[in-house]
Amino acid sequence: MPFLDGAVRPGLAKMALFVVLALGAVLLPPRYALAFEYELKPVAVAERTWVVEGRREELSEDNGGDIANAAFIATGDGVIVIDTGSTLNYGRALRAAIATVTDQPVRWIINTHHHPDHVFGNQAFEGAEISALPATRAALKRDADSFRATLYQRLGDAVRGTETVLPTRSVQQGEGRFGDYPLQLFAFSGHSGADLVVLDPATGVLFTGDLVFHRRAPTTPHSPGIGIWREQLGQLRALQFKTLVPGHGPVSRDGSPIEETLDYLDWLDRRLAGGAARGATRNEVIQAPLPERFAGMALVRYELTRSVSHFYADYEEALLWAEPDTTK
C-alpha cells in the first residue's frame, strides 16, 4: 500500500499546499489579508531631496492607489515629507523607502491639498507634525468619509486599515520653518480650492502639488474654475526655480509642465465654451476629436469626461445669461 511508510509524493504535497493556501485566503479574517506590495523607488532630484513618482493611472486594485508623486527632504535635523499617498500601506512603504536613503527620522509632513491620493498615507507617520493650509484641513474633514468609501471601493485590500489623519498645524503663505529648515510657501486654490506650493530656496526645487500635471491630464472635481487655475499658473511662471516636481508625472528641469498644464486648460476652456455656443450635448463635447498634441497624455479622455460633468452646465448657464450682441 502506498504512503504507509509516511512518505508523501511530491505532486500530492504541492496539491496539499495549494489547497491550504486557497482555504487560508478564503477563511482567514480580513485583518490577516496580505497587504498590497508597493515598489517605491526614491530618485534623487537635488541635494538631500528625493521624489517617488506615482503611476499615471487612475485608482485601481492593480496599482494600490500608487498614482501621485511623493517627495522628501532630509534637512539634517529630520525629514520633511511632501504628500503621503493614498493608503496606510503606501505610507508605510514610503517610510521604508525613505529609510533606504537616510537614517534621519521623519519629523514633518506637508499636505499640498486634501485629495485622497495625497493624504491618506498620513496615518503611517505617527508622531510627525502634519502641515497644511487651514482650508485643506477643513476640506479633508468634510470629504474624508466619501473619500475613504471611494478608496475602499476601488482599491480592495490595498486600503485595508486606512483611516483619516487630519493635519495638525496650519500654515500660511510666506516662509515656513520646519525645525531650522526654511521653505517658501505659496497659497493657491485653482486645483482643489486650497493648494499649497512649496519652494526650497536652498536647492531651487519647486513642489507644485496638483496645480501642475505632467504627461497626464489634470483632474478638476474641486477646482473653483478653469479661469482661476489658469491665472495661478501664470503666477507660478514667475517663480525662480531649478527643478519642478508636479503632483503627477515626471520631474522637470524647466517650466514645461506649467506650460503643458496651461495649454490643456486653455484648450478645455475653449472646448467647453465652443460646445455650449453650438448647443452641443455633453457626449458630443466628450467624443469630438482630441488635438494631436494631447495624444500621448495619460487619461485625457477619462479626465475630459469628468471635466464636462463638472463644468459644462456652468458654461451653458453663462451663455444663457450673456448679454446679446446688438452690434450685428
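Just above sits the structure.
Quantities reported herein were computed from a predicted structural model and do not represent experimental measurements.

Rules behind the numbers
Residues numbered from 1 in each chain as written. Predicted model: local features only at pLDDT ≥ 70, side-chain atom pairs only at ≥ 80, totals over all residues. Heavy atoms only, no water. 1 Å grid on protein atoms, 1.4 Å probe; cavity = no way out; pocket = protein on both sides within 12 Å on 5 of 7 lines; lining within 4 Å. Points joined across faces, edges and corners; volume = space filled by probe spheres on them. Nonpolar A, V, L, I, M, F, W, Y, C, P; charged D, E, K, R; others polar. Core = buried A, V, L, I, M, F, W, Y, C linked by side-chain atoms within 4.5 Å. Buried < 20%, exposed > 50% of the residue type's maximum accessible area, 1.4 Å probe, protein only. Helix = DSSP H or I, 4+ residues; strand = E, 2+ residues; numbered from the N terminus. Contact = heavy atoms within 4.5 Å. Pairing = 2+ DSSP bridges. Expected span 1.5 Å × (residues − 1). Arc of directions from axis to C-beta. Polar contact = N/O pair within 3.5 Å; in protein donor to acceptor, adjacent residues only side chain to side chain. Axes fitted to C-alpha atoms, helices over the stretch in contact; angles between N-to-C directions. Parallel < 35°, antiparallel > 145°, perpendicular 65-115°, else oblique. Left-handed = near helix turned anticlockwise from the far one by under 90°.

A separate point is the layout of surface pockets. When its volume is computed, the largest pocket comes out at roughly 350 Å³. Class assignment for the residues of the lining of the largest pocket results in 7 nonpolar, 6 polar and 6 charged.

Quick look at the nonpolar core now. Leu233, Leu236, Tyr264, Leu268 and Leu272 are the most contacted members of the largest nonpolar core, which has 34 residues in total. Those elements giving two or more residues to this core turn out to be β9 (181–188), β10 (195–200), β11 (205–213), α5 (226–237), α6 (256–278), α7 (282–287) and α8 (300–320). Ranked by residue count, the leading element in this core is α6, at 8 residues. Once residues lying within four places of it in the same chain are set aside, the contact partners of Leu268 are Ile226, Leu304 and Ser307.

Where strand β1 (residues 43–46) lies against strand β2 (residues 49–52), 3 bridges are found, and the strand directions are antiparallel. From the neighbouring strand, Ala46 faces β2, where its bridge partner is Thr49. Connecting β1 to the antiparallel partner β2 that follows it, the hairpin turn spans 2 residues, and Arg48 within it adopts a positive phi of roughly 55°.

Time to look at α5. Between the first and last C-alpha of α5 there are 17 Å, a value that for 12 residues agrees with the 16 Å anticipated at 1.5 Å per step. Along α5, the residues that are buried comprise Ile226, Trp229, Gln232, Leu233 and Leu236. Looking straight down α5, one finds that the buried residues subtend no more than 130° of arc, so they occupy a single side. On its buried face, α5 is in contact with β9, β10, β11, α6 and α8.

With that settled, the discussion passes to the environment of Tyr181. Inspection of the secondary structure puts Tyr181 in strand β9. The spatial distance from the C-alpha of Tyr181 to the C-alpha of Ala202 is 9.4 Å, given a sequence separation of 21 residues. In this structure Tyr181 touches Arg48, Ile73, Thr75, Ile80, Gly176, Asp200 and Ala202, once residues within four positions along its chain are discounted. Reaching out from Tyr181, the side chain makes a polar contact with the side chain of Arg48 at a distance of 3.2 Å.

The 7 strands lie next to each other as β1-β2-β3-β4-β5-β6-β7, forming an open sheet whose pairing is mixed. Lying at the two open borders of the sheet, with one neighbouring strand each, are β1 and β7 (169–170). Two strands pair when backbone bridges link them, and strand β5 (residues 106–110) and strand β6 (residues 129–132) are joined in this way by 3 bridges, in the parallel orientation. Each bridged residue has a counterpart across the sheet, and for Ile110 the counterpart in β6 is Ser131.

With that settled, consider the packing of α5 against α6. Two elements in contact, α5 and α6, have axes whose closest approach is 10 Å; the angle formed by their N-to-C orientations is 160°. Taken together, the axes of α5 and α6 lie roughly antiparallel to each other. Once α5 is placed against α6, the crossing between them reads as left-handed. Contacts from Ile226, Trp229, Arg230, Leu233, Leu236 and Arg237 in α5 reach Ile258, Glu259, Thr261, Leu262, Leu265, Asp266, Leu268, Asp269 and Leu272 in α6. Partitioning the contact of α5 with α6 into residue classes produces 9 nonpolar, 1 polar and 5 charged.

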